Amino acid sequence: MRYILYFILVPALLPVFLIFKYIYGLDKNEREPFGFVLKVLIYGAIFSIPCAVVERFVIGFIQVFYETGTIKYAFLENTIGVALVEEFSKFLVLMIFVWKNENFDYRYDGIVYATTASLGFAALENILYVVNFGTGVSIGRAIFSIPGHTTFGVFMGFFLSRAKTCELDDIKVGKHFLLILSLGISTLIHGFYDYLLSEEIAAAGYQWVFYIFVIILDFFAWKIIHHEFKTDHRL
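Residues numbered from 1 in each chain as written. Predicted model: local features only at pLDDT ≥ 70, side-chain atom pairs only at ≥ 80, totals over all residues. Heavy atoms only, no water.

**Q** I would appreciate a short explanation of unusual backbone geometry in the present structure.
**A** Outside of glycine, negative phi angles account for most residues, and trans bonds account for most peptide bonds. Within the chain, Asp170 stands out as a residue other than glycine whose phi angle is a positive 60 degrees. Mapping Asp170 onto the fold places it in the loop between helix H6 (138-168) and helix H7 (172-195). (Helix = DSSP H or I, 4+ residues; strand = E, 2+ residues; numbered from the N terminus.)

Here is the structure:
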């Protein structure tokens, strides 16, 4: 039984660990308490559990108004039915456990915590995929899905830190606008990411656009990560 667990957990969690180690390791100014960061990771996984039920409900609602198999339906399904639900679950973790926490006191912290919540979500999702479909799916998910969730978290964390700055400066309109961007931009990116993998896009012969999108997305996420930790300062 122990070896079966290793066979499942190692390919499912190794890419999560490597990405987490890289992003957490860049936090040089005042490294976040590992125990608290680990809690955010676990909360990210726990808050992902209801997502499947909510997604089915939202997608069912979309099907009432749009015909399945169409491009418009595919876009709404992936953006509203999947991406919004999943990104909102991560956003809730940040707003409930991180936003008011005293450890959220540097600009790079937004990326640390947002990517950590995203990796918690991705970790549980990856375990379920490996259990249901075997370790053969772990390579594809290590290359695309887990880094994908990480990049969504990078954009969420980027705007989250700016929103926190506005709150500390008592700029209420700016804070609310940036919080909307934190959730909205990550949702749109996630939704478009999934949309490009849909059967409708594949049938139209445009699935190659996905690979270009991933390269561009990863490049900008990498640039944001390095800009944020190089220019990191207390909020």
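**Q** Even after reading the chapter, I still don't get the pattern of salt bridges, so can you show me in this structure?
**A** Oppositely charged side chains can form a pair if their charged atoms are brought close together. Summed over the entire model, instances satisfying the criterion amount to 8 salt bridges. A salt bridge links Arg234 to Glu30; its shortest N-O distance comes to 3.1 Å. Taken together, the residues Arg234 in the segment after helix H9 (208-230) and Glu30 in the loop between helix H1 (2-25) and helix H2 (34-46) connect sequence positions 204 residues apart. Here Arg234 falls in the partly exposed class, since its relative accessible area comes to 46%. Assessed through its relative accessible area of 32%, Glu30 is described here as partly exposed. Measuring nitrogen to oxygen at the nearest pair gives 3.3 Å for the salt bridge that ties Glu167 to Lys164. Of this pair, Glu167 and Lys164 both sit in helix H6, 3 residues apart, which is roughly one turn of that helix. Three or more residues are tied together by salt bridges with common partners; here these are Lys100, Lys164, Glu167 and Lys175. (Salt bridge = Lys/Arg side-chain N within 4 Å of Asp/Glu carboxyl O. Buried < 20%, exposed > 50% of the residue type's maximum accessible area, 1.4 Å probe, protein only.)

**Q** Explain the packing of helix H3 (residues 51-65) against helix H4 (residues 71-98) here, please?
**A** The geometry of a pair of packed helices is captured by two quantities: the angle between their axes and the separation between those axes. Here H3 crosses H4 at 150 degrees, and the two axes come no closer than 9 Å. By the angle between their axes, H3 is roughly antiparallel relative to H4. At the point where H3 passes H4, the crossing takes the right-handed sense. Residues Cys51, Val54, Glu55, Val58, Ile59, Ile62 and Gln63 of H3 pack against Tyr73, Leu76, Glu77, Ile80, Gly81, Val82, Val85, Glu86 and Ser89 of H4. Tallied by class, residues from the contact of H3 with H4 come to 10 nonpolar, 3 polar and 3 charged. (Axes fitted to C-alpha atoms, helices over the stretch in contact; angles between N-to-C directions. Parallel < 35°, antiparallel > 145°, perpendicular 65-115°, else oblique. Left-handed = near helix turned anticlockwise from the far one by under 90°. Contact = heavy atoms within 4.5 Å. Nonpolar A, V, L, I, M, F, W, Y, C, P; charged D, E, K, R; others polar.)

**Q** Could you clarify how one ought to interpret the side chain of Asp105 in this entry?
**A** Checked against the element boundaries, Asp105 lands in the loop between H4 and helix H5 (109-133). For Asp105, a relative accessible area of 13% puts it in the buried group. In this view, Asp105 contacts Glu30, His233, Arg234 and Leu235; residues no more than four positions away in its chain are not counted.

**Q** Would you mind going over a nonpolar patch on the surface with me for this structure?
**A** On the surface, Tyr206, Trp208, Tyr211, Ile212, Ile216, Phe219 and Phe220 cluster together into a nonpolar patch covering about 770 Å² of accessible area. Note that Tyr211 resides in helix H9. The class of Tyr211 is partly exposed, set by a relative accessible area of 45%. (Patch = residues over 30% accessible without salt bridge, like charges linked within 9 Å, V, L, I, M, F, W, Y side chains within 5 Å. Areas by Shrake-Rupley, 256 points an atom, 1.4 Å probe, with all protein chains shown as cover.)

**Q** What is the right way to look at the side chain of Ser182 in this model?
**A** Mapped onto the elements of the fold, Ser182 is located in helix H7. There is a polar contact of 2.7 Å between the side chain of Ser182 and the backbone oxygen of Met156. Not counting the four nearest positions on each side in its chain, Ser182 is found in contact with Phe91, Met156, Phe159 and Leu160. (Polar contact = N/O pair within 3.5 Å; in protein donor to acceptor, adjacent residues only side chain to side chain.)

**Q** Please clarify how the confidence of the model for the protein chain should be interpreted in this entry.
**A** With 93% of its residues at a pLDDT of at least 70, the protein chain reaches an overall mean of 90. When mean pLDDT is taken per element in the protein chain, H7 scores highest with 97 and H1 scores lowest with 74. (pLDDT = per-residue confidence, 0-100.)

**Q** When you look at the packing of H4 against H5 in this model, what are you seeing that I'm missing?
**A** Running from N to C, H4 and H5 cross one another at 130 degrees; their axes reach a closest spacing of 9 Å. Considered as vectors, H4 and H5 are oriented oblique to each other. The handedness of the crossing between H4 and H5 comes out as right-handed. Residue-level inspection shows Glu86, Ser89, Lys90, Val93, Leu94 and Val98 of H4 in contact with H5, the latter providing Tyr113, Ala114, Ala117, Ser118, Phe121 and Glu125.

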